[in-house]
Amino acid sequence: MTTDHSNSAGNALMLPGGGARGAYQVGALKAISELNNSTGGCDNPFPIITGTSAGAINAGVLASHGCSLSIGVERLEHFWCNMRSEMIFRTDLQAMLINGLRWFLSMYLGFFGFRPPRSLLDNTPLHELLRNNLTPGGISEAIRRGHLRALAINASGYTCSDAVSFFQGHEDITAWQHERRRGERSMIDVEHLLASSALPLIFPAVRIGNEYFGDGGMRLTAPLSTALQLGARRILVISTRDAKQDEQAAREEDLQFPSLGEIGGAMMDIIFLDNLNADIQRTRQLNEIIARMSMAHRRELGLRHTDVLHLTPSADVREIAYAHSHEVPAALRFMLRRLGADGDGRKVRLPSYLLFEQGFCRALIDLGYRDVMDRKDEIEAFLHDERHNE
């Protein structure tokens with residue numbers, strides 16, 4: 001049995017990373033699902049779904065309920081509204097002290113056989129959480145019934161140095177190989193989500209086959225390429241950082257050397273968002289060039305227009321994180337303080353990626369919902385397959 005989804009066949013949903021900020025995507029998807037249902041849209045208006053890091057977790061859960069967007073969103077909302085840091089990584093003081101001690105001993109007594117821990121945090125609880133929320137058989141069923149064309153999870157190979165898109169999809173999709181980017185057909189499971197969300201140094205790398213993989217944002221310099229490779233003509237991107245530029249220090253005397261926490265937060269921004277923004281800009285510029293070409297010239301060069309609708313938070317997520325900083329578990333708060341990541345402004349970047357607590361997550365869900373409703377006309381145009389330019 002198959003279902004005709006010709007009106008949305010080229011629609012893709014792209015969910016980039018952002019750690020705890022991934023809750024914003026859930027609120028946005030909740031509003032999108034309601035708009036889709038109110039306008040009589042098909043069960044799943046996104047036959048192509050791609051995800052990276054926390055976005056990979058959201059994408060995997062959605063795709064495992066790929067026959068119905070509304071059911072997948074309900075599952076995600078329950079997942080995030082009841083979130084606690086201890087469900088993602090060990091937050092007890094004993095675990096963090098042991099990890100810290102192992103780092104110390106490996107640096108000063110390494111010649112005695114003391115090996116460093118595999119990561120700063122122990123994300124063993126995340127394994128169990130994903131096994132309870134991912135339904136791999138649902139992905140296959142959604143593909144079989146024609147509701148889902150493909151799911152792709154992005155990860156970064158530590159040995160091959162490639163950005164790898166593990167995809168599960170329709171049989172007409174073939175694997176691909178480009179410069180430092182490749183697509184590999186797989187049966188998506190918990191390990192792929194863990195690999196994609198393995199933040200460098202913070203969470204341990206994950207072995208898939210004969211390679212270890214880490215966070216998908218590290219090497220994915222062209223984030224839109226995965227969806228395009230799978231046949232997308234229109235891509236809805238839900239980011240987790242606002243589009244406003246950071247303010248520079250007003251006076252020279254205000255300038256201070258960045259703490260490890262500030263550096264770590266800046267690295268997270270680069271991994272998750274900077275490449276995406278650059279790729280969207282390149283796509284828009286290419287669209288302008290394509291618009292000036294004749295149809296024959298486009299076909300000759302194999303070029304086509306790609307609509308990209310980019311949703312970003314209307315508020316600074318760091319400010320929301322600062323307002324909820326009291327929710328950070330004591331042991332994690334102690335570690336962040338030692339790293340110089342316990343203040344406001346730029347210093348709260350890193351905590352905003354690790355604040356997996358109900359208050360913060362629910363605030364982001366509410367923000368995502370409001371932001372989509374504020375752009376209701378654009379979303380409905382996208383869902384109805386109408387040409388729009390952001």
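Before reading on, note that the structure itself is shown above.
A brief look at the structure comes next. Since this is a predicted model, take the numbers as computed values, not measurements.

Cut-off values and rules
Residues numbered from 1 in each chain as written. Predicted model: local features only at pLDDT ≥ 70, side-chain atom pairs only at ≥ 80, totals over all residues. Heavy atoms only, no water. Helix = DSSP H or I, 4+ residues; strand = E, 2+ residues; numbered from the N terminus. Buried < 20%, exposed > 50% of the residue type's maximum accessible area, 1.4 Å probe, protein only. Contact = heavy atoms within 4.5 Å. Areas by Shrake-Rupley, 256 points an atom, 1.4 Å probe, with all protein chains shown as cover. Polar contact = N/O pair within 3.5 Å; in protein donor to acceptor, adjacent residues only side chain to side chain. Axes fitted to C-alpha atoms, helices over the stretch in contact; angles between N-to-C directions. Parallel < 35°, antiparallel > 145°, perpendicular 65-115°, else oblique. Left-handed = near helix turned anticlockwise from the far one by under 90°. Nonpolar A, V, L, I, M, F, W, Y, C, P; charged D, E, K, R; others polar. Expected span 1.5 Å × (residues − 1). Phe/Tyr/Trp six-rings, centres within 6.5 Å; stacked < 30°, edge-to-face > 60°. Lys NZ or Arg CZ within 6 Å of the ring centre and 35° of its normal. Salt bridge = Lys/Arg side-chain N within 4 Å of Asp/Glu carboxyl O.

A separate point is the overall build of the protein. Within the protein one finds 15 helices and 10 strands. Here the protein holds 390 residues, and 54% of them are scored as buried. Across the protein, the fraction of contacts at a sequence separation of at least 24, relative to all contacts at a separation of at least 6, is 76%. Counting only carbon and sulfur atoms, one obtains 51% of the accessible surface of the protein, whose full area is about 18100 Å².

Moving on, we get to the environment of R219. By secondary structure assignment, the location of R219 is in the loop between β8 (211–215) and α8 (225–229). Owing to a relative accessible area of 36%, R219 belongs among the partly exposed residues under this scheme. Sequence separation between R219 and N275 is 56 residues, and the spatial gap between their C-alpha atoms is 9.3 Å. Those residues in contact with R219 that lie beyond four places of it in its chain are S156, G157, S161, D162 and A163.

Below, the discussion takes up the side chain of R21. Looking at the element boundaries, R21 is found in the loop between β1 (11–15) and α1 (23–38). There is a polar contact of 3.4 Å between the side chain of R21 and the backbone oxygen of T240. Those residues in contact with R21 that sit more than four places away from it in its chain are T240, R241, D269, L273, V317, R318, R349, S352, Y353 and L364.

Close contact between α1 and helix α3 (residues 69–81) brings their axes to 9 Å; oriented N to C, the two are set at 150 degrees. When the interaxial angle is binned, α1 and α3 end up roughly antiparallel. For the pair α1 and α3, the sense of crossing is left-handed. Counting all contacts with α1, which are made through A23, V26, L29, K30, S33 and N37, the residues of α3 involved are L69, S70, V73, L76, E77 and W80. Taken together, the residues of the contact of α1 with α3 break down into 7 nonpolar, 3 polar and 2 charged.

The next subject is helix α14 (residues 358–374). Between the first and last C-alpha of α14 there are 24 Å, a value that for 17 residues agrees with the 24 Å anticipated at 1.5 Å per step. Those residues of α14 hidden inside the fold are in contact with α1, α3, β10 (307–311), α11 (317–323), α13 (349–354) and α15 (376–383).

For the pair α1 and α15, interaxial distance at closest approach is 10 Å and the crossing angle is 60 degrees. Relative to α15, α1 is oriented oblique. As α1 runs across α15, the sense of the crossing is right-handed. Within the contact between the two elements, α1 uses I32, L35 and N36 and α15 uses K376, I379, E380 and L383. Residues that form the contact of α1 with α15 fall into these classes: 4 nonpolar, 1 polar and 2 charged.

Applying the stated rule across the entire model yields 7 aromatic pairs. Ring centres of F79 and W80 lie 5.8 Å apart, and the angle between their planes is 70 degrees; on these two criteria the pair is classed as edge-to-face. Grouping residues by exposure puts F79 and W80 together as buried. Plain terms: the ring middles of F89 and F203 are 6.1 Å apart, the flat faces sit at 40 degrees to each other, and that makes the pair tilted. Placement of F89 in the loop between α3 and α4 (93–108) and of F203 in the loop between α7 (190–196) and β7 (206–208) is noted, with a sequence separation of 114 residues between them. An aromatic cluster is built from F79, W80, F89, F203 and F356, whose rings are joined through pairwise contacts. The ring of Y353 is capped by R21, whose NZ or CZ atom sits 4.3 Å from the centre of that ring.

Relative to the assigned elements, A142 resides in helix α6 (residues 136–144). A sequence separation of 79 residues divides A142 from A63, and the C-alpha atoms of the two residues are 7.6 Å apart. In contact with A142, not counting residues within four places along its chain, are A63, G66, C67, H147 and L148.

Counting across every chain of the model gives 11 salt bridges. E141 is the partner of R144 in a salt bridge, and the nearest nitrogen-oxygen pair spans 2.9 Å. Here E141 and R144 lie together in helix α6, a separation of 3 residues that amounts to about one turn. Since its relative accessible area comes to 46%, R144 is described here as partly exposed. Salt bridges linked by common partners bring D162, R180, R182 and E184 together as one network.

Another point: unusual backbone geometry. When glycine is set aside, most residues are seen to have a negative phi, and most peptide bonds are trans. Even without glycine at this site, S53 takes up a positive phi of about 60 degrees. As for its placement among the helices and strands, S53 is situated in the loop between β2 (48–52) and α2 (54–64). Residue class for S53 comes out buried when judged on its relative accessible area of 2%. Not every positive phi belongs to a glycine, and S161 is a case in point at roughly 60 degrees. Topologically, S161 is positioned in the loop between β3 (150–157) and β4 (163–169).

Honestly, that's just the spatial picture; any functional story needs more than this.
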